[in-house]
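Remarks on the overall topology
Listed here are the chains, written in short residue letters.
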Amino acid sequence: VPFVDSVYNPEETFGGSDGETTEECTARGADNVRTLGRGISAGDIENIALNYGRPVCRAKCVVSGSEIALILLTDRVDSNAFRLAAREITEKVSAAMPFYMRGALRVSGAEHVEVNITADITSDGRAYPQTIHSEIARRLEKYLDPVNGGDAGRGFEIGRYPGERDISALIL
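Along each chain, numbering runs from 1 in the same order as the chain's sequence is written. Predicted model: local features are reported for residues with pLDDT of at least 70 only, side-chain atom pairs are reported and counted for 80 or more only, and whole-chain, interface and lining totals are derived from all residues. Only hydrogens and water are set aside; all other atoms, that is, all heavy atoms of the structure, feed into the side-chain values.

Topic: the pattern of salt bridges
Counted only if it meets this: For this analysis, a salt bridge means a side-chain nitrogen from Lys or Arg found within 4 Å of a carboxyl oxygen belonging to Asp or Glu. What counts as a helix is a DSSP run of H or I of at least four residues, what counts as a strand is a run of E of at least two, and both are numbered from the N terminus.
Across all of its chains, the model carries four salt bridges by this definition. Among the ionic pairs, Arg139 bridges to Glu135, the shortest N-O distance being 3.1 Å. Within this pair, Arg139 and its partner Glu135 are both found in helix α4 (residues 129-144), separated by four residues, close to a single helical turn. In this structure, the salt-bridge partner of Arg160 is Asp166, at a minimum N-O distance of 3.3 Å. Taken together, the shared-partner salt bridges connect Glu135, Arg138 and Arg139 into one network.

Some remarks on the nonpolar core
Short version of the rule: What is meant by a nonpolar core is a set of buried Ala, Val, Leu, Ile, Met, Phe, Trp, Tyr and Cys residues, joined one to another through side-chain atoms within 4.5 Å. Relative accessible area decides the class of each residue, using a 1.4 Å probe on protein chains only: under 20% of the type maximum gives buried, over 50% gives exposed, and in between gives partly exposed. In what follows, a contact means two residues having at least one pair of non-hydrogen atoms within 4.5 Å.
The biggest cluster of nonpolar side chains holds 16 residues, and the ones touching the most others in it are Ile45, Ile68, Leu70, Leu72, Ile89, Val93 and Met97. Setting aside residues up to four positions removed in sequence, Ile89 forms contacts with Ala49, Tyr52, Val56, Leu70 and Leu72. Counting residues in hydrophobic clusters, the runner-up holds six residues, among them Ile136, Leu140, Tyr143 and Phe156.

Some points on the packing of aromatic side chains
Selection rule: Aromatic pairing here means that ring centres of Phe, Tyr or Trp (its six-membered ring) are within 6.5 Å. Orientation follows from the plane angle: under 30 degrees is stacked, over 60 is edge-to-face, and everything else is tilted.
Under the counting rule described, the total for this entry stands at one aromatic pair. Centroid distance Tyr143 to Phe156: 5.5 Å. Interplanar angle 85°. Geometry classified as edge-to-face. Placement of the pair is Tyr143 in helix α4 and Phe156 in the loop between α4 and α5 (164-171), with a sequence separation of 13 residues. Neither Tyr143 nor Phe156 differs from the other in exposure class; each is buried.

Some points on the packing of helix α2 (residues 42-50) against helix α3 (residues 79-96)
A pair of packed helices is captured by two measures, namely the crossing angle of their axes and the spacing between those axes. Where we set the bar: For every element, the axis is a line fit to its C-alpha atoms; helices are fit only across the contacting stretch, and the angle between N-to-C directions ranges from 0 to 180 degrees. Orientation categories follow fixed angle ranges, with anything under 35 degrees roughly parallel, anything over 145 roughly antiparallel, 65 to 115 roughly perpendicular, and all other angles oblique. When the near helix sits turned anticlockwise from the far one by under a right angle, the crossing is termed left-handed; a clockwise turn instead gives a right-handed crossing. Gly is placed with the polar residues, together with every amino acid not listed as nonpolar (Ala, Val, Leu, Ile, Met, Phe, Trp, Tyr, Cys and Pro) or charged (Asp, Glu, Lys and Arg).
Remark: α2 packs on α3, axes separated minimally by 9 Å, with the N-to-C direction vectors making an angle of 140°. It follows that α2 is oblique to α3 by the angle criterion. Pair α2 / α3 crosses with right-handed handedness. Touching Ile45, Ile48 and Ala49 of α2 are Ile89, Lys92, Val93 and Ala96, all from α3. The class makeup of the residues in the contact of α2 with α3 is six nonpolar, no polar and one charged.

What to know about the pairing of strand β1 (residues 56-64)
Just so we agree on the cut-off: At least two DSSP bridges between two strands are needed for those strands to be called paired.
Where β1 lies against strand β2 (residues 67-74), eight bridges are found, and the strand directions are antiparallel. By the bridge assignment, Arg58 is partnered in β2 with Leu73. Where β1 folds back on β2, the antiparallel hairpin that results is connected by two residues, among which Gly65 adopts a positive phi of roughly 65°.

Set out below in structure tokens:
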């Protein structure tokens, strides 16, 4: 900008996100065509929330009686960023829903579940115990990441817990 030497923002910012990939854009476009921006079914509501973009990584809509719960998993731990996203998504989803359904929508964040793993490991003697421990801890941390872990590196669906077989396979 001509004639501007610097800019100062006196308030701390939050939020922001990386640009979406071509794959993410293609999926979002297909969902937009399918739903036409209307939130009628649980799947429609999930797609509208996911189309908000990052920081929303997963959305799960659960309808129970007259209540509609929309659970969001974000790639941010910043509570301010989540509150802003939740408020904007609530407005966006509500506007896409039929009038009589709008008051039933409740948006919340996904709860993370702590996983404690205890394993007895026997070495064949070719590696130091600390090396084995470090490698197993690295594998588990990578796999259990709710956003980028799991089998395909795309995280876990909301409500899915890793099974004992999944964990055992990582340790072996």
